[in-house]
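# Structural characterization, general
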Amino acid sequence: MTYTDLFENDDMKLINLLPQDGEAYYHGKIVDTATADMYLAKCLSKLSWEHDRAFIYGKEIVTKRKIAWYADKPVSYTYSGYTKMALAWPNFLRGMKQRVEGECGEVFNSCLGNFYSSGEEGMSWHSDAEKDLVENGAIGALSLGGERKFAFKHRQTGESVSLVLAHGSLLIMKGATQKNWLHSLPKTKRDIEPRVSLTFRQMRF
Ligand SMILES: O=C(O)CCC(=O)C(=O)O
């Protein structure tokens, strides 16, 4: 995808990647490579990473992927049957949030970070429609590190859309996306650099 492919026409309106029932906008790289490198290094060394846990069919799963969870208030967030407590924003992460907000015009009050140490770690099909999140709210995913494929699949039709998320790039999902589409970060056998995604969210407090 080239820079011009991101826009519908000369008025610089971003293209909605989803053909119906949702909205997903890929902004491409919103920071230069040196800044993205610095963001990645900060996230790897300073965020409080821990393995994710979930209950799948009543069984507790501990993921290889790690997560770190921050919000404006020390709230809890429940998904996959597991409740997590949010930590307070470190200043540098708040700065990244403001950079993302400036780019997309949305305001976020929380961030779930995901850390994938290699291509063997990914995320299977799911949607982010938990009751703790604002209904039809926006999610802004800032990607840092190894480029990865990101895929959408329509819940009813099975139609799929995918793209590659570059180092320092931003993907926004909003509107009815979480109701009608699943998304995933497929695992790959390719040799991929470690990757962090910062998924800025709008929680109901
Ligand atoms: O790492 C990614 O880009 C995907 C993250 C994701 O799907 C999620 O946090 O719900």
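Below or above, wherever it landed, is the structure these notes cover.

Quick notes on the rules
Every chain's residues receive numbers from 1 upward, in the order its sequence appears when written. Where local features are concerned, this predicted model is filtered to residues with pLDDT of at least 70; where side-chain atom pairs are given and counted, the filter is 80 or more; whole-chain, interface and lining totals use all residues. Side-chain metrics rest on all non-hydrogen atoms present in the structure, leaving aside hydrogens and water. Throughout this document, a residue counts as near a molecule or strand when at least one of its heavy atoms sits within 4 Å of that molecule or strand. Between N or O atoms, a polar contact is any pair within 3.5 Å; within protein, one atom must be a potential hydrogen donor and the other a potential acceptor, and residues adjacent in sequence are included only when both atoms are from side chains. Note on areas: these come from Shrake-Rupley sampling with a 1.4 Å probe, and a residue is covered only by the protein chains present in the view. Elements are defined by DSSP. Helices are runs of H or I of four residues or more, strands are runs of E of two residues or more, and each kind is numbered from the N terminus. Only when DSSP finds a minimum of two bridges between them are two strands counted as paired. Each axis is a line fitted through C-alpha atoms, and for a helix only the stretch in contact is used; angles between axes span 0 to 180 degrees, taken between their N-to-C directions. Whether two residues are in contact is decided by their heavy atoms: any pair within 4.5 Å suffices.

The next subject is the site of the ligand. All residues in the neighbourhood of the ligand are listed as N114, Y116, M123, H126, D128, F150, H183, L185, R195, S197, T199 and R201. Contacts to the ligand include Y116, whose side-chain N or O atom sits 2.5 Å from an oxygen atom. Measuring from an oxygen atom of the ligand, one finds a side-chain N or O atom of R195 at 2.8 Å. Here the ligand has 300 Å² of accessible area as a free molecule, and 98% of this is covered by the chains. Mapped by element, the contributors of at least two residues to the shell around the ligand are β6 (110-116), β7 (123-126), β12 (181-185) and β13 (195-201).

The pairing of strands in a sheet happens through backbone hydrogen bonds and is either parallel or antiparallel. With respect to topology, seven strands assemble into an open sheet ordered β1-β11-β8-β13-β6-β3-β2, the strand pairing being antiparallel. Two strands in the sheet have a free side with no partner beyond their single neighbour: β1 (23-29) and β2 (50-56). Direction aside, the axes of adjacent strands within the sheet are offset by 30° on average. In this sheet, β6 lies alongside strand β3 (residues 59-71) in antiparallel orientation, the contact comprising six bridges. Its bridge partner lying in β6, A68 is registered against G113. Where helix α1 (residues 33-46) meets the sheet, its contacts fall on β1, β6, β8 (139-145) and β13, and the angle it forms with β8 comes to roughly 95°. Each of β1, β3, β6, β8, β11 (169-174) and β13 touches helix α2 (residues 91-104); the most contacted strand, β13, lies at about 65° to it.

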